[in-house]
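Coordinate analysis (summary)
Below are the chains, spelled out letter by letter.
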Amino acid sequence: MRTTVGIIGAGPAGLLLARLLHRAGIESVVLESRDRAYVERRQRAGILEQGTVDVLRAAGAGERMDREGLRHDGIELRFDRRRHRVDFPGLTGGRSVTVYAQTEVCKDLIALQLEEGGPLLFEAEALAVEGAEGDRPRIPFRYQGREDVLECEYAVGCDGFWGVARKAFPDGVSRVFERSYPYAWLGILADVAPSHDELVYARHERGFALLSMRSPAVSRLYLQVPAGTDAGQWGDEEIWDELERRLETDDDWRLERGPITQKSVTPMRSFVHEPMRHGRLFLAGDAAHIVPPTGAKGLNLAAGDVVTLARALVHERETGSPELLDAYSATCLRRVWQAERFSYDMTTLLHRAPDATPFDARLQLARLERIASSRAAETDLAEAYTGFPLA
């Protein structure tokens, strides 16, 4: 099998790249090791930056998002039982975010790819990436009980942290930067209308809490818990009681409870692989970088990667110049490190470390007070949250 761009992974990065390339008239083949049902139901991020929303619309993948997604013009910070709203449009010149789950983004892009785009093979396991230093990389893969090879001009690893693409980088080329956190998020889905119309980020002495949503009828909420926590150790009423404590305010706001339909634990880590290109092999999304979920950056970073790569491939085809392809890694990493910085700042601002001292607690409150009282500090948060430029 031959194509121009061989894409490993049908998550949001791989699917969006395939869509952008199709719109530009560049052939691609997508290999996904899981079946379609698994890809369309795996729960991940749910906050789309303004730039990601704009890209999906421009790619013809925004119709259902615009109909069912929830535009949010701010977030609320809670600390010391007080509430402070950050007004995104007023601080950023009109930018906002949209609540639309990654599962729904993938469903939309899969449907478009199967209807209009190049081959999208589910249950096609990429085994390696070979010959990245040459003119035609090869991707051996297993599909329908037999082994085949995808030959391409460019190979793109959108196959996540555990995928095969990053393993094709020689040891002397790869540099890894990472940090693990001593806490995790216990997340729930609940069949109850959200108790607030925007996301609420709460700093509490007992630990962080987040009030989010999936739809006007389904709430998504999180609690900071120790790393390695088993979600089954927490009873439903125990979860609601703890959420009430951490989200409490001095006014008459109340947390609405409902049936919990799903529980999961999300570990917290920061990870960057440099460079994001080796020869004709490119990394995008979680294959190259991971951020703690506090900053809502994961899916949006993946979108930024593939927008950058698609532009570079189009530029090379139209001009014959590899300039933008050669700059791919450096271009993406500038944005990646800003997102890592913001996600780290938000994480350390709101979570209580196991070894936190009273001095640490006072510093957190001072940082929150600064955001609440300084337009400059508030603007910095709003600009980062709504998204760094995709170019």
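Residues numbered from 1 in each chain as written. Predicted model: local features only at pLDDT ≥ 70, side-chain atom pairs only at ≥ 80, totals over all residues. Heavy atoms only, no water.

**Let's talk about helix H11 (residues 358-373)**
Stated precisely, the cut-off is as follows: Numbered from the N terminus, helices here are DSSP runs of H or I no shorter than four residues, and strands are runs of E no shorter than two. In this analysis, the expected span of each helix is defined as 1.5 Å times one less than the number of residues it contains. Burial here depends on accessible area, computed with a 1.4 Å probe over protein chains only, as a share of the maximum for the residue type. Under 20% is buried, over 50% is exposed, and the range in between is partly exposed. Arc, as used here, means the arc of the directions from the helix axis to the C-beta atoms. Here, residues are in contact when the closest pair of their heavy atoms is within 4.5 Å.
An ideal rise of 1.5 Å per residue puts 22 Å on 16 residues; H11 measures up with 22 Å between its terminal C-alpha atoms. Ala-361, Gln-364, Leu-365, Leu-368 and Ile-371 are the residues of H11 that are buried. The buried residues of H11 occupy an angular sector of 115° when projected down its axis, which confines them to one face. Across H11 from its buried face, at more than 90 degrees, point the exposed residues Phe-359, Arg-362 and Ser-373. Tucked inside the fold, the buried residues of H11 contact strand S5 (74-79), strand S6 (82-87), helix H10 (328-350) and helix H12 (375-386).

**Structural notes on the packing of aromatic side chains**
Put simply, the rule reads: Planes of paired rings set the category: under 30 degrees apart is stacked, over 60 is edge-to-face and the rest tilted, where pairs are Phe, Tyr or Trp rings (Trp by its six-membered ring) whose centres lie within 6.5 Å. Charge over a ring is defined by NZ of Lys or CZ of Arg lying within 6 Å of the ring centre and within 35 degrees of the ring normal.
Here the structure, examined in full by the defined rule, presents 12 aromatic pairs. Among the aromatic residues, those joined into a cluster by ring pairs are Phe-88, Trp-185, Tyr-201, Phe-208, Tyr-222, Phe-342 and Tyr-385. The ring centre of Tyr-38 lies 4.2 Å from the NZ or CZ of Arg-34, which sits over that ring.

**As for the packing of helix H1 (residues 12-23) against helix H6 (residues 102-116)**
Let me state the cut-off plainly: Axis lines are fitted through C-alpha atoms, for helices just across the contact stretch, and the angle between N-to-C directions can take any value from 0 to 180 degrees. In these notes the angle categories are as follows: under 35 degrees is roughly parallel, over 145 is roughly antiparallel, 65 to 115 is roughly perpendicular, and the rest is oblique. In a left-handed crossing the near helix is turned counterclockwise from the far helix by less than a right angle, and in a right-handed crossing that turn is clockwise. Polar here means any residue outside two lists: the nonpolar Ala, Val, Leu, Ile, Met, Phe, Trp, Tyr, Cys and Pro, and the charged Asp, Glu, Lys and Arg; Gly therefore counts as polar.
Two numbers describe how H1 lies on H6: the axes approach to 9 Å, and their chain directions differ by 40°. Here H1 lies oblique to H6, going by the angle between them. The way H1 lies across H6 gives a crossing that is left-handed. Judged by residue contacts, Pro-12, Leu-15, Leu-16, Ala-18, Arg-19 and His-22 of H1 engage Gln-102, Cys-106, Leu-109, Ile-110, Leu-112, Gln-113 and Glu-116 from H6. Classifying every residue of the contact of H1 with H6 gives eight nonpolar, three polar and two charged.

**Structural notes on the pattern of salt bridges**
Where we set the bar: Salt bridges, as used here, are contacts in which a Lys or Arg side-chain nitrogen is within 4 Å of a carboxyl oxygen on Asp or Glu.
According to the stated counting rule, one finds 42 salt bridges in the structure shown. Glu-49 is paired through a salt bridge with Arg-335; the nearest N and O atoms lie 3.1 Å apart. Within this pair, whereas Glu-49 is found in the loop between strand S3 (47-48) and helix H3 (50-58), its partner Arg-335 is found in helix H10, the two being separated by 286 residues in sequence. Pair check on accessibility: Glu-49 and Arg-335 agree, each one buried. Its salt-bridge partner being Arg-206, residue Glu-242 comes within 2.7 Å of it at the nearest N-O pair. Taken together, the residues span a long stretch of sequence, with Glu-242 in helix H7 (residues 236-247) and Arg-206 in the loop between strand S13 (199-202) and strand S14 (209-215) at a distance of 36 residues. Bridged by salt links that share partners, the residues Glu-63, Arg-64, Arg-67, Glu-68, Glu-104, Lys-107 and Asp-108 form one connected network.

**Digging into the sheet that holds strand S12 (residues 175-190)**
In a beta sheet, neighbouring strands pair by backbone hydrogen bonds and run either parallel or antiparallel. Where we set the bar: Pairing between two strands is assigned when DSSP locates at least 2 bridges connecting them.
The strand order S6-S5-S13-S14-S15-S12-S16-S19 describes an open sheet built from eight strands, whose pairing is mixed. Of all the strands in the sheet, the pair left with one neighbour each is S6 and strand S19 (289-290). Two elements, S14 and strand S15 (residues 218-226), share six bridges in a ladder whose sense is antiparallel. Following the sheet pairing, Ala-209 is matched in S15 by Leu-223. Of the strands in this sheet, S12, S13, strand S16 (260-274) and S19 are in contact with H10, which crosses S16 at around 130°.

**Focus on the UniProt feature "domain: FAD-binding" (unreviewed entry) in the protein**
The cut-off we apply is this: UniProt positions are given in the numbering used here, feature names are shortened, and annotations may be inferred rather than shown by experiment.
Those places that UniProt annotates as "domain: FAD-binding" (unreviewed entry) correspond, in this numbering, to residues 2-343. Secondary structure within residues 2-343 divides into 31% helix and 33% strand; the distance between the first and last C-alpha atoms comes to 39 Å.

**Remarks on H3**
Among all positions in H3, only Gln-50, Thr-52, Val-53, Val-55 and Leu-56 are buried. Trailing H3 by a residue or two, Gly-60 shows a phi angle of about 80°, which is positive.

**Regarding the pairing of S16**
Looking along a regular strand, one sees the side chains alternate between the two faces of the sheet. Across 13 bridges, S12 lies against S16 in antiparallel orientation. From the neighbouring strand, Glu-178 faces S16, where its bridge partner is Phe-271. Pairing of S16 with S19 involves two bridges; the strand directions are antiparallel. Bridge assignment links Val-272 to a residue of S19, and that residue is His-289.

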